[in-house]
Amino acid sequence: MTVSEENFLTILEYCIHPHQSLPVLKEPADWKDIMKAASKQNLFPLVYDTAAQFSSFGELEDEYFASATKTLTQQMEKTSAFLELYNAFLEDGFEPIVMKGIICRSLYGTNADLRPSGDEDVLIEKKDFDRAVRIFNRCGYTSDETPDKNLAIVQEVTFKNPDTILEIELHLNPFGTSDYKRVQMNEWFHDVFDSKETVNINGVSVRTMEPTDHLLFLIFHAFKHFIGGGFGIRLMTDCLLFAEKYGGRIDWGYVWNALTKTGVDSFYTDLIILGNTYLGFDLPCDKKPTAVTELLEDMLRMGTFGNTTKKDRAAAQFTVDAVQRVKENGGHAADGGNASGGKIKGMTRRLFPSWKTWTSWKPYLADKPWFLPVEWCKRVGRYLRGETDNGNLSEISESYAVAEHRVELLSKYKVV
């Protein structure tokens, strides 16, 4: 962890657990690096609000003011648009369950809109899908997606309104069904519609999960991203703030039982230890740490969802591929102990995907397989020119190294 990253955490601790005097930062306090770390964690406006109180922030206050204000204004617009939409559901006698997003932002009190959200998430029963779509459409929200008729396998459908900047993810399954771990996590949320928990947000009664279920959902959500592209400080903070606020109402025996049965208990234990150490929390935890330092470094490296840069996105895909190959190999690392199957092989798979992958990208190849070498050449050319989402060949090599490190960390949490 760099000095700037440590200072970022110090400021964030003050943001969520303010005290009488400003925190003391480690020298040298490089404000540009601190704000870069805040931006990578999608907490820029929240950290800016505190940073502006330091005299040493100086001229940077004006430089970053426009960016922080724009993010805040956009989030306020999203919040207003969402509450207007949710009111339309209430007027129709329909109460979708709202997850994370606006519920998590409310944990930040007066700083709620300084904690940005990319979208809002609502969960409905599959039988109510058509009804929900009609309300969305009536309010100007449409989707380009055509979900499978078997709604049992659909995770979410995204709705947008051209007149707002708000996006809604309408969930039919909390975590999707693409692998066993997601299906296993879904099993804990079949009964969430039987209880009715509401929170008042700006005068609107918003239905959500009761605290025990919602905390479990937030932890699983963070873990889902951790074993995929990675996750960041913001998700950890959301989980711990929720546990802090609702701790007296949470059935902790149920939560730890669920975490243990799904293999997420050591992950959440380390989150608690990190929060208590760096962010001013005082949450009870009598369990032993697993990989606290490595987990923090991974969170700081990968950012909010592991998609900040091309290198991050490539590393995330390499990680997903590596985990999948290990699972296909019966849970054992392949090729002499290398979890990713060897660096050259891994990069080759990235350059030359499987026939199944190619035909999903380019359906015409199914009838004209002789064009495959042409597509290969085009793909290699794009990599050499650095035109792909994964970057150029040099960047891929760096991303691969990050993925190797991430697979080692995942093995400590027994994901592989």
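Given the structure is predicted, the values throughout are model-derived calculations rather than measurements.

**Student:** What am I meant to see in the packing of helix α4 (residues 60–91) against helix α6 (residues 129–138) here?
**Tutor:** Two measures define how a pair of helices packs: the angle their axes make with one another and the distance between the axes. Running from N to C, α4 and α6 cross one another at 130°; their axes reach a closest spacing of 10 Å. In terms of axis orientation, α4 runs oblique to α6. Where α4 crosses over α6, the handedness of that crossing is right-handed. Contact residues: α4 offers L85, A88 and F89, while α6 offers A132, I135, F136 and R138. Of the residues that constitute the contact of α4 with α6, the class distribution is six nonpolar, no polar and one charged.

**Student:** Can you walk me through the packing of aromatic side chains in this structure?
**Tutor:** Think of a pair of aromatic rings as described by two things: how far the centres are apart, and how the planes are tilted against each other in angle. Summed over all chains, the structure comprises 26 aromatic pairs. Look at F226 and F267: their rings are 5.2 Å apart centre to centre, the planes differ by 25°, and that puts the pair in the stacked class. Here F226, found in helix α8 (residues 211–226), pairs with F267, found in helix α11 (residues 265–278); they are 41 residues apart in sequence, far enough to count as distant. The pair formed by F226 and F267 is uniform in burial state, with each residue classed as buried.

**Student:** It is not clear to me how unusual backbone geometry should be interpreted in this structure. Could you clarify?
**Tutor:** In this model, E27 is joined to P28 through a cis peptide bond whose omega is 0°. Following the sequence through the fold, P28 ends up in the loop between α1 (3–16) and α2 (31–40). Phi angles above zero are rare outside glycine, and N42 is one such case at about 55°. Among the structural elements, N42 can be located in the loop between α2 and α3 (44–51). Relative accessible area serves as the criterion here: at 28%, N42 is assigned to the partly exposed category. A positive phi angle, close to 50°, is found at N202, a residue other than glycine. If you trace the backbone, N202 turns up in the loop between β5 (197–201) and β6 (204–208).

**Student:** Just checking my understanding: could you explain the environment of N276 for this structure?
**Tutor:** In this structure, N276 sits in helix α11. The class of N276 is partly exposed, set by a relative accessible area of 28%. Separated by 36 residues in the primary sequence, N276 and L240 place their C-alpha atoms 9.3 Å from one another. Non-local contacts of N276, meaning those with residues more than four positions away in its chain, are made with F281, D282 and L283. Reaching out from N276, the side chain makes a polar contact with the backbone nitrogen of D282 at a distance of 3.4 Å.

**Student:** Can you walk me through the side chain of R207 in this structure?
**Tutor:** Within the element layout of this structure, R207 appears in strand β6. For R207, which is buried and forms no salt bridge, the nearest opposite charge comes from E95, at a distance of 4.3 Å. When neighbours within four sequence positions are excluded, R207 is seen to be in contact with Y86, E95, P96, I97, V98, V192, F193, S195, K196, E197 and T198.

**Student:** I would appreciate a short explanation of the pattern of salt bridges in the present structure.
**Tutor:** Working definition: two side chains of opposite charge can pair if their charged atoms are close together. Going through the model one piece at a time under the given rule, you end up with 15 salt bridges. For D113, the salt bridge goes to R105, with nearest N and O atoms at 3.8 Å. One salt bridge in this structure joins E197 and R249, with 2.9 Å as the shortest N-O distance. Taken as a pair, E197 in strand β5 and R249 in the loop between α9 (233–246) and α10 (252–262) lie far apart in primary sequence, 52 residues in all. In this structure E197 comes out as buried when scored by relative accessible area, which is 13%. When salt bridges with common partners are traced through the structure, they connect D92, R131 and R138 into a single cluster.

Conventions used here
Residues numbered from 1 in each chain as written. Predicted model: local features only at pLDDT ≥ 70, side-chain atom pairs only at ≥ 80, totals over all residues. Heavy atoms only, no water. Axes fitted to C-alpha atoms, helices over the stretch in contact; angles between N-to-C directions. Helix = DSSP H or I, 4+ residues; strand = E, 2+ residues; numbered from the N terminus. Parallel < 35°, antiparallel > 145°, perpendicular 65-115°, else oblique. Left-handed = near helix turned anticlockwise from the far one by under 90°. Contact = heavy atoms within 4.5 Å. Nonpolar A, V, L, I, M, F, W, Y, C, P; charged D, E, K, R; others polar. Phe/Tyr/Trp six-rings, centres within 6.5 Å; stacked < 30°, edge-to-face > 60°. Buried < 20%, exposed > 50% of the residue type's maximum accessible area, 1.4 Å probe, protein only. Polar contact = N/O pair within 3.5 Å; in protein donor to acceptor, adjacent residues only side chain to side chain. Lys, Arg positive; Asp, Glu negative; His and termini not counted. Salt bridge = Lys/Arg side-chain N within 4 Å of Asp/Glu carboxyl O.

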